[in-house]
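What the coordinates show
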Number of protein chains: 2
Amino acid sequence: MSDYTIVALDAMGGDNAPSAMVQGAVDAVNANKAIKVILVGKEDVIKTELSSYTYPQDQIEIKNATEVIETAEHPVAAIKKKKDSSMVVGLHLVKDGEADAFVSAGNSGALLTGGLGIVGRIRGIERAPFGTLFPVKTGVALLADSGANVDCRPSHLVQFAKMGSIYMEKVVGVKNPRVAIVNVGAEEEKGNALVKETMPLLKECEDINFIGSIEARNIPNGDADVIICDGFVGNVILKLYEGLAGTLITVIKGGLMSTLRSKIGAALALPALKKTLKKFDASEYGGAPLLGLKGLVVKTHGSAKAGEVRNTIFQCVTFKEQQINEFIRDNIVIEKKKED
Amino acid sequence: MSDYTIVALDAMGGDNAPSAMVQGAVDAVNANKAIKVILVGKEDVIKTELSSYTYPQDQIEIKNATEVIETAEHPVAAIKKKKDSSMVVGLHLVKDGEADAFVSAGNSGALLTGGLGIVGRIRGIERAPFGTLFPVKTGVALLADSGANVDCRPSHLVQFAKMGSIYMEKVVGVKNPRVAIVNVGAEEEKGNALVKETMPLLKECEDINFIGSIEARNIPNGDADVIICDGFVGNVILKLYEGLAGTLITVIKGGLMSTLRSKIGAALALPALKKTLKKFDASEYGGAPLLGLKGLVVKTHGSAKAGEVRNTIFQCVTFKEQQINEFIRDNIVIEKKKED
């Protein structure tokens, strides 16, 4: 492959497509000479969007795809039927080695189905989880699985822990990341059937820094770097996180605007407050990769704006540079073979 | 039973016992002539605490119990071994009809074990969930199960939905409460195995206002009144709720104190802000009853202060007045018999 990191970007997926996608791509290539973006989607629409920007022409390319998979479509049916959709075409670019990564803000289920079906899992990886970075008091933590596999077996969670640990160390730069499993208490006997069966397997893993259970209340405090759970629980955590932060901020703004005195106070405090709350903005942290695939497939928020798209593209560069997939293949899978 | 509501209160359980328990009891009886509290625990300790308060002597009684179940103890072993603990003695008061309710801030697992073993489930009720009221933007919602049963079957969730609906309507006063099941998306095909199997059963229930799935992101917004899930997911929701609210408020306070300008603003805005945030204080909403038992057993937060203890005692009055248990027995169980 080239010295460039080549990112195929779904120009048609997400609430703010195509404008936010195109702007994010332009911002990314203007900031980094080693990135090439292939905008995948309806060529005429993309061309019109691109015409208002200045950017190095050799760093952005268009790959025409005439169909679009909508958010509400059934994932399996959509991937099967819409062979010329931006998502299917983009995933084939990764499969065929024409791109290092595919990024989409579109239908998550379809991206998962397509990622598994077109790009495929690394041999030996049983399930591919979404690994999502999210804000905590001390910085950022990784949640795996944040929604790809709603029913899991213990061996799946063990692989999530290993892949999450690798990602957190190599992409985010956290040395010897603390891995914890979501549980209802810290005591040894606590947990549902899945957690109780997984716990001894995680304790045996010598290649991760497993610190035991984490109660949900301690997640925002940053008590672990890699948070492991099945995709149902992970989805609940991630979405409650977003929803509650949003609601609380609305409630707080309402409180600040409730009296004249507090309005004046709010006006004075607002710049500092905004800066602090930005730390708790999930969109700052880029997208969620499907860990364990043969290529890099990344989901960004459906509501992603240009800034998040740009950050997600940057994330792909680190992913490639750190050779995450090669590392997963050479470590987790070889180890699994030894067991067999 | 008498015209009084008689509440047995575990004077020894919780982080702030016995002082917060005794003060909560005193505050409750001073506010309501129709309440009698039996303080259960070490008589001498309770007497010393009580001596500093003025209250109607006929409304507070002491029941001596020489042992205390600690928070870290194994629930089953503790209930079995410590026959003269405040928890076991208090639960027997309910079983024997000497009290209408037992309230404890102590070891949740022990309270669950003791509630099931000593007070017992209403015949036909398969599992007893904790039903916890928690703050949402529009007021308050009920979460069932918030932690009693970490592995559930579909029939359990259906009973949680029915009992939760009764509680929300009769105790909280929400007419025709909207019941929703926690899920990873709103679409028909979404869900883990448990949710997929439970969904059609809930749709068939004619006695509840089932509105379908709720995504975790919409819980804080108040999109449903009764939120149904297994106790593992419920515990994650409740604890993340508490933890994230706490972390965000700390982060916001930090932001407000970061510059001189914002400090002045914060001083002006603080009273209004505090008032608003009080709405999001879970302790305002009293305790979590174990729904479906033959008597009322209520868990308050381990960190409960006098105000929460008092509110929980008030809640027991409504529970008794509305004859919740009788209603559960006569409706849910008779219906179940019909099915058999």
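Note that this is a predicted model, so its numbers are computed, not measured. (Residues numbered from 1 in each chain as written. Chains lettered and ligands numbered in written order. Predicted model: local features only at pLDDT ≥ 70, side-chain atom pairs only at ≥ 80, totals over all residues. Heavy atoms only, no water.)

Notes on the overall build of chain A
Condition: Numbering of helices and strands starts at the N terminus; helices are DSSP runs of H or I of at least 4 residues and strands are runs of E of at least 2. Each radius of gyration is computed over the set of C-alpha atoms, and the globule rule expresses the reference value as 2.2 Å times the number of residues to the power 0.38. Partly exposed describes any residue whose relative accessible area lies between the buried limit of under 20% and the exposed limit of over 50%, with all areas from a 1.4 Å probe on protein chains only and scaled to the type maximum. Contacts between residues were defined by any pair of non-hydrogen atoms, one from each residue, lying within 4.5 Å. We count Lys and Arg on the positive side and Asp and Glu on the negative side, and we leave His and both chain ends out. Just so you know, the charge point we use is NZ for Lys, CZ for Arg, CG for Asp and CD for Glu.
Scanning chain A from N- to C-terminus turns up eleven helices and eleven strands. Here chain A has a C-alpha radius of gyration of 21 Å; the compact-globule value for 340 residues is 20 Å, and the two agree. Counting the 340 residues in chain A, one finds 57% classified as buried. Contacts in chain A between residues far apart in sequence, at least 24 positions, make up 71% of those at least 6 positions apart. Charge-centre separation for chain A: the mean point of 40 positive side chains lies 3 Å from the mean point of 41 negative side chains.

Observations concerning the state of the cysteines
Applied cut-off: In what follows, a disulfide is any cysteine sulfur pair within 2.5 Å.
Taken as a whole and judged by the stated rule, the model has zero disulfides over all chains. Its sulfur unpaired, Cys229 of chain A is 8.4 Å from the next cysteine sulfur, which belongs to Cys152 of chain A. Among the cysteines around Cys205 of chain B, which has no disulfide bond, Cys152 of chain B carries the closest sulfur, lying 15 Å off.

Some details on the nonpolar core
Going by this rule: Each nonpolar core is a collection of buried residues, namely Ala, Val, Leu, Ile, Met, Phe, Trp, Tyr and Cys, held together in the definition by side-chain atoms within 4.5 Å.
Ranked by size, the top nonpolar core spans 174 residues in total, and within it Leu39 and Ile219 of chain A together with Leu39 and Ile219 of chain B carry the most contacts. Setting aside its immediate chain neighbours within four residues, Ile219 of chain B contacts Leu240 of chain A together with Phe134, Val136, Val182, Ile214, Ile227, Ile237 and Tyr241 of chain B.

Some words on the packing of helix α8 (residues 231–256) of chain A against helix α8 (residues 231–256) of chain B
In plain terms, the rule: The convention used is that axes are lines fitted to C-alpha atoms, helices contributing only their stretch in contact, and that angles between N-to-C directions extend from 0 to 180 degrees. In this scheme the handedness of a crossing depends on how the near helix is turned from the far one: anticlockwise by less than a right angle means left-handed, clockwise means right-handed. Classes in brief: Ala, Val, Leu, Ile, Met, Phe, Trp, Tyr, Cys and Pro nonpolar; Asp, Glu, Lys and Arg charged; the others, Gly included, polar.
Two elements in contact, α8 of chain A and α8 of chain B, have axes separated by 9 Å at closest approach and are oriented at 40°. Remark: the crossing between α8 of chain A and α8 of chain B carries right-handed chirality. Mapping the contact onto sequence places Phe232, Val233, Val236, Ile237, Leu240, Tyr241, Leu244, Ala245, Leu248 and Ile252 of chain A in α8 of chain A and Phe232, Val233, Val236, Ile237, Leu240, Tyr241, Leu244, Ala245, Leu248 and Ile252 of chain B in α8 of chain B. For the contact of α8 of chain A with α8 of chain B, the per-class residue count stands at 20 nonpolar, no polar and no charged.

Here's the deal with the packing of helix α4 (residues 86–95) of chain B against helix α5 (residues 108–119) of chain B
Residues and elements named next belong to chain B. Between α4 and α5, the shortest axis-to-axis distance is 10 Å and the interhelical angle comes to 35°. Between α4 and α5 the crossing geometry is right-handed. Taken together, the residues of α5 that come into contact with α4 (itself represented by Met87, Val88, Leu91, His92, Val94 and Lys95) are Ala110, Leu111, Gly114, Gly115, Ile118 and Val119. Partitioned by chemical class, the residues of the contact of α4 with α5 number eight nonpolar, three polar and one charged.

Quick look at the interface of chain A and chain B
Inclusion rule: By buried area we mean how much accessible surface two parts lose on assembly, using a 1.4 Å probe and totalling the loss over both. The working definition used for a salt bridge is a side-chain nitrogen of Lys or Arg within 4 Å of a carboxyl oxygen of Asp or Glu. Pairing of N or O atoms within 3.5 Å defines a polar contact, subject to two protein rules: one partner must be a possible hydrogen donor and the other a possible acceptor, and residues neighboring in sequence count only if both atoms are side-chain atoms.
Taken together, the contact between chain A and chain B spans 55 residues of the former and 55 residues of the latter. Counting each side, the surface lost to burial between chain A and chain B is near 5000 Å², with a carbon and sulfur contribution of 76%. Across the chain A-chain B interface, the total number found is four salt bridges. In this structure, Arg217 of chain B engages Glu242 of chain A in a salt bridge whose closest nitrogen and oxygen atoms are separated by 2.9 Å. Taken together, the connections running from chain A to chain B amount to twelve residue pairs in polar contact (both at pLDDT 80 or more). Of all the secondary-structure elements, those providing two or more residues to the side of chain A that touches chain B are β7 (178–183), α7 (193–204), α8 and α9 (260–278) of chain A. Element by element, the count of residues in the side of chain A that touches chain B is highest for α8 of chain A, at 20 residues.

So, unusual backbone geometry
Each neighbour pair has its own omega, and for Ala17 of chain A with Pro18 of chain A the value is 0°, a cis peptide bond. Take Pro18 of chain A: it is sitting in the loop between β1 (5–10) and α1 (19–31). With omega at 10°, the peptide bond leading from Ala144 of chain A into Asp145 of chain A counts as cis. Phi at Asn176 of chain A is positive, roughly 50°, even though this residue is not glycine. Phi at Gln323 of chain B is positive, roughly 50°, even though this residue is not glycine. Mapping Gln323 of chain B onto the fold places it in the loop between α10 (306–321) and α11 (324–339).

Examining the pairing of β1 of chain A
Residue and element names in this part refer to chain A. Condition: Note: two strands are recorded as paired if DSSP finds a minimum of 2 bridges between them.
Among the six residues that make up β1, six are buried, leaving the element largely enclosed by the rest of the structure. Burial along β1 is two-sided: Thr5, Val7 and Leu9 and Ile6, Ala8 and Asp10, pointing in opposite directions, are all buried. Here β1 runs beside strand β2 (residues 35–41); their pairing, made up of six bridges, is parallel. In the sheet register, Thr5 faces β2, and the bridge partner there is Ile35.

Points about the pattern of salt bridges
Across all of its chains, the model carries 18 salt bridges over all chains by this definition. In this structure, Asp330 of chain B engages Arg329 of chain B in a salt bridge whose closest nitrogen and oxygen atoms are separated by 3.4 Å.

Remarks on the environment of Thr247 of chain A
Residue position: Thr247 of chain A is located in helix α8. Judged by its relative accessible area of 6%, Thr247 of chain A is buried. Sequence separation of Thr247 of chain A and Ser155 of chain A is 92 residues, and the distance between their C-alpha atoms is 36 Å. With near-sequence residues (within four places) excluded, Thr247 of chain A lies in contact with Lys137, Pro220, Asn221 and Phe280 of chain B.

Brief notes about the sheet that holds strand β5 (residues 131–136) of chain B
Residue and element names in this part refer to chain B. Spatially, five strands are ordered β5-β6-β9-β7-β8 in an open sheet, and the strand pairing comes out mixed. With one partner strand each, in any of the chains shown, β5 and β8 (209–215) form the two edges of the open sheet. Averaged over neighbouring strand pairs, the angle between their axes works out to 30° when direction is ignored. Across three bridges, the pairing between strand β6 (residues 139–144) and strand β9 (residues 226–228) is parallel. Across the sheet, Ala144 pairs through a bridge with Ile228, a residue of β9. The sheet contacts of helix α6 (residues 154–172) involve β5, β6, β7 (178–183) and β9, and relative to β6 the element is tilted by about 150°. The strands touched by α8 within the sheet are β5, β6 and β7, with β5 carrying the most contacts at an inclination of about 40°.

Description of the domain arrangement of chain A
All names here are of chain A. Stated precisely, the cut-off is as follows: Domain boundaries shown here were taken from an automatic or database domain assignment.
Partitioning chain A into domains gives domain 1 (1–125 + 292–340) and domain 2 (133–282). Averaged C-alpha coordinates put domain 1 and domain 2 at centres separated by 25 Å. With 15 residues of domain 1 at the contact, the number on the domain 2 side is twelve residues. Contact between domain 1 and domain 2 buries roughly 1300 Å² in total, counting both sides, with carbon and sulfur atoms accounting for 68%. A per-residue breakdown of the area domain 1 buries against domain 2 is headed by His301, Phe327 and Ile332, which together make up 32% of the total. Summed over the shared surface of domain 1 and domain 2, the result is zero salt bridges. Inspection of the region where domain 1 meets domain 2 yields three residue pairs in polar contact (both at pLDDT 80 or more). Elements that contribute at least two residues to the side of domain 1 that touches domain 2 include exactly α10 (306–321) and α11 (324–339). Top contributing element to the side of domain 1 that touches domain 2 by residue count: α11, with six residues.

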